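# What the coordinates show
Listed below are the residues making up each chain.
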Amino acid sequence: MLAPGVDAALLAILGLLIGSFLNVVIYRLPVMLEASWKAEAATMQGQLTPVAERFNLMVPRSRCQSCGHTLSWFENIPVLSYIVLRGRCRHCQAPVSLRYPLIELATGALFFFCGWHWGLNATALVWCGFAAALLALAMIDWDTTLLPDDITLPLLWAGLIAAALRVSGVTLTDAVWGAVGGYLSLWLVYWAFKLATGKEGMGFGDFKLFAALGAWFGWQALIPIILMASVIGAIIGIAMKFSSALREGGYIPFGPFLSGAGLTAMLVEPQSILRVVGL
């Protein structure tokens, strides 16, 4: 282990790089899933699917969404490229979304915290992975109202494995019951709401995400996390309503707020959340 500041700085640099990759995941994974679903549907109907350009998390190389210009390596340096290019494409001068460097900075900051809090060790690395997964899930759900199994299920299993290896600070028993309680609690809320109103109040991805949070923090953290998610969701929902920023139908996905509560629990410990909300 190096000095805390050095550990944190090294993980922050890693976080900036991972944040750049998360931008790719956030944009491409939903597109990949939609293409896969369409191909499966066509196959079930006995239709032939046209051969499309390879599209996954690695290929094709990143491009400008306005002109299709393929980005060079020096245009992909986290944060720095955005600053040097003044937030514009080098080829067509179209503006580049500020969200890209913000996600890189957020990932770097979360990794910095892990390095400062735990040092440069296995515990810090698994929590870095936890933070990166939640950040990706929050942004994907916000954009598409989708919480992909490709992330939620590995996150759930990673929480259980981390508990089994004693690197997450949670016992395996607490992690297992946390996963069970997280899934069943929202599953019951879903069906109660649907039976009472005939509408679906949340998606199945929310159950899996809450189960994953239970696996990482244990069953004792479920109430603090759901309370924090509800408070964050209520504040943002009210603000968006008064600013007329709600999407069509007034629907706001719950996943980003669950993710935000999970990150809050990582930063300040779950029981601190209860003190914040006055319990």
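See the structure shown above.
Right, let's walk through the structure included here. Note that the structure is predicted; figures quoted are calculated from it, not measured.

### Examining the overall build of the protein chain
Helix and strand counts for the protein chain come out as 10 helices and zero strands. Ordered by position from the N terminus, the helices and strands of the protein chain form the series α-α-α-α-α-α-α-α-α-α. In terms of C-alpha radius of gyration, the protein chain reaches 20 Å, essentially the compact-globule figure of 19 Å for 279 residues. With respect to the principal axes defined by its C-alpha atoms, the protein chain has extents near 60 × 55 × 40 Å. Taking all 279 residues of the protein chain together, the buried fraction comes to 41%. Considering only contacts in the protein chain between residues 6 or more positions apart, those separated by 24 or more positions represent 71%. Here the protein chain has roughly 15,400 Å² of accessible surface; of this, 68% comes from carbon and sulfur atoms.

### Quick word on the nonpolar core
Formed by 58 residues in total, the largest nonpolar core has its most connected members in Phe 130, Leu 155, Leu 213 and Phe 217. It is helix α4 (residues 122–144) that contributes the most residues to this core, 13 residues altogether. Excluding anything up to four places from it in sequence, Leu 213 contacts Phe 130, Leu 134, Gly 218, Ile 225, Leu 258 and Gly 262.

### Quick word on unusual backbone geometry
The phi torsion of most residues other than glycine is negative, and most of the peptide bonds are trans. That bond from Val 59 to Pro 60 is cis: its omega, -5°, falls within 30 degrees of zero. Following the sequence through the fold, Pro 60 ends up in the loop between α1 (4–44) and α2 (80–84). Its identity as a non-glycine residue notwithstanding, Thr 145 has a phi of 55°, on the positive side. Within the secondary structure, Thr 145 sits in the loop between α4 and α5 (149–164). A relative accessible area of 41% places Thr 145 in the partly exposed class. Although it is not a glycine, Arg 166 adopts a positive phi angle of roughly 60°. You can call Arg 166 exposed: its relative accessible area is 77%.

### Things to note about the pattern of salt bridges
By the definition in use, this model includes five salt bridges. Residue Glu 200 pairs with Lys 194 through a salt bridge whose shortest N-O separation is 3.5 Å. The exposure class assigned to Glu 200 is exposed, which follows from its relative accessible area of 51%.

### Section: the environment of Ala 211
Here Ala 211 is to be found in helix α7 (residues 204–217). Residues in contact with Ala 211, not counting those within four places in the same chain, are Leu 156, Gly 178, Ala 179, Gly 182 and Tyr 183.

### Some thoughts on the side chain of His 69
By the element assignment, His 69 lies in the loop between α1 and α2. Judged by relative accessible area, which is 16%, His 69 ranks as buried.

### Remarks on the environment of Arg 28
Its location among the elements puts Arg 28 in helix α1. Residue class for Arg 28 comes out buried when judged on its relative accessible area of 6%. Apart from residues no more than four positions distant in its own chain, Arg 28 is found in contact with Phe 55, Asn 56, Leu 57, Met 58, Val 59, Pro 60, Arg 61 and Ser 62.

### Things to note about the packing of helix α3 (residues 99–118) against helix α9 (residues 255–268)
α9 packs onto α3 with a crossing angle of 30° between their chain directions and a minimal axis gap of 11 Å. Judged by the inter-axis angle, α3 sits roughly parallel to α9. Judged by the sense of rotation from one axis to the other, the crossing of α3 with α9 is left-handed. Within the contact between the two elements, α3 uses Leu 110, Phe 113, Cys 114 and Trp 118 and α9 uses Leu 263, Met 266 and Leu 267. Partitioning the contact of α3 with α9 into residue classes produces seven nonpolar, no polar and no charged.

### Some details on the packing of α4 against α7
Remark: α4 packs on α7, axes separated minimally by 13 Å, with the N-to-C direction vectors making an angle of 160°. Between α4 and α7, the crossing angle belongs to the class labelled roughly antiparallel. Relative to α7, the crossing made by α4 is left-handed. Two secondary-structure elements touch here, α4 through Val 126, Trp 127, Phe 130, Leu 134, Leu 137 and Asp 141 and α7 through Asp 206, Leu 209, Leu 213, Trp 216 and Phe 217.

### Examining the packing of aromatic side chains
A full pass over the atoms with the stated rule returns 15 aromatic pairs. Seen in terms of ring centroids, Phe 112 and Trp 116 are 6.2 Å apart; in terms of plane orientation they differ by 15°. Their pairing is stacked. Of this pair, Phe 112 and Trp 116 both sit in helix α3, four residues apart, which is roughly one turn of the helix. Between Tyr 190 and Trp 191, the ring centres sit 5.2 Å apart and the planes meet at 90°, which makes this aromatic pair edge-to-face. Residue classification places Trp 191 among the partly exposed positions, given a relative accessible area of 31%. Among the aromatic residues, those joined into a ring-pair cluster are Phe 113, Trp 118, Trp 127, Phe 130, Trp 216 and Phe 217.

So, how was this worked out
Residues numbered from 1 in each chain as written. Predicted model: local features only at pLDDT ≥ 70, side-chain atom pairs only at ≥ 80, totals over all residues. Heavy atoms only, no water. Helix = DSSP H or I, 4+ residues; strand = E, 2+ residues; numbered from the N terminus. Rg over C-alpha atoms; globule rule 2.2 N^0.38 Å. Buried < 20%, exposed > 50% of the residue type's maximum accessible area, 1.4 Å probe, protein only. Contact = heavy atoms within 4.5 Å. Areas by Shrake-Rupley, 256 points an atom, 1.4 Å probe, with all protein chains shown as cover. Core = buried A, V, L, I, M, F, W, Y, C linked by side-chain atoms within 4.5 Å. Salt bridge = Lys/Arg side-chain N within 4 Å of Asp/Glu carboxyl O. Axes fitted to C-alpha atoms, helices over the stretch in contact; angles between N-to-C directions. Parallel < 35°, antiparallel > 145°, perpendicular 65-115°, else oblique. Left-handed = near helix turned anticlockwise from the far one by under 90°. Nonpolar A, V, L, I, M, F, W, Y, C, P; charged D, E, K, R; others polar. Phe/Tyr/Trp six-rings, centres within 6.5 Å; stacked < 30°, edge-to-face > 60°.

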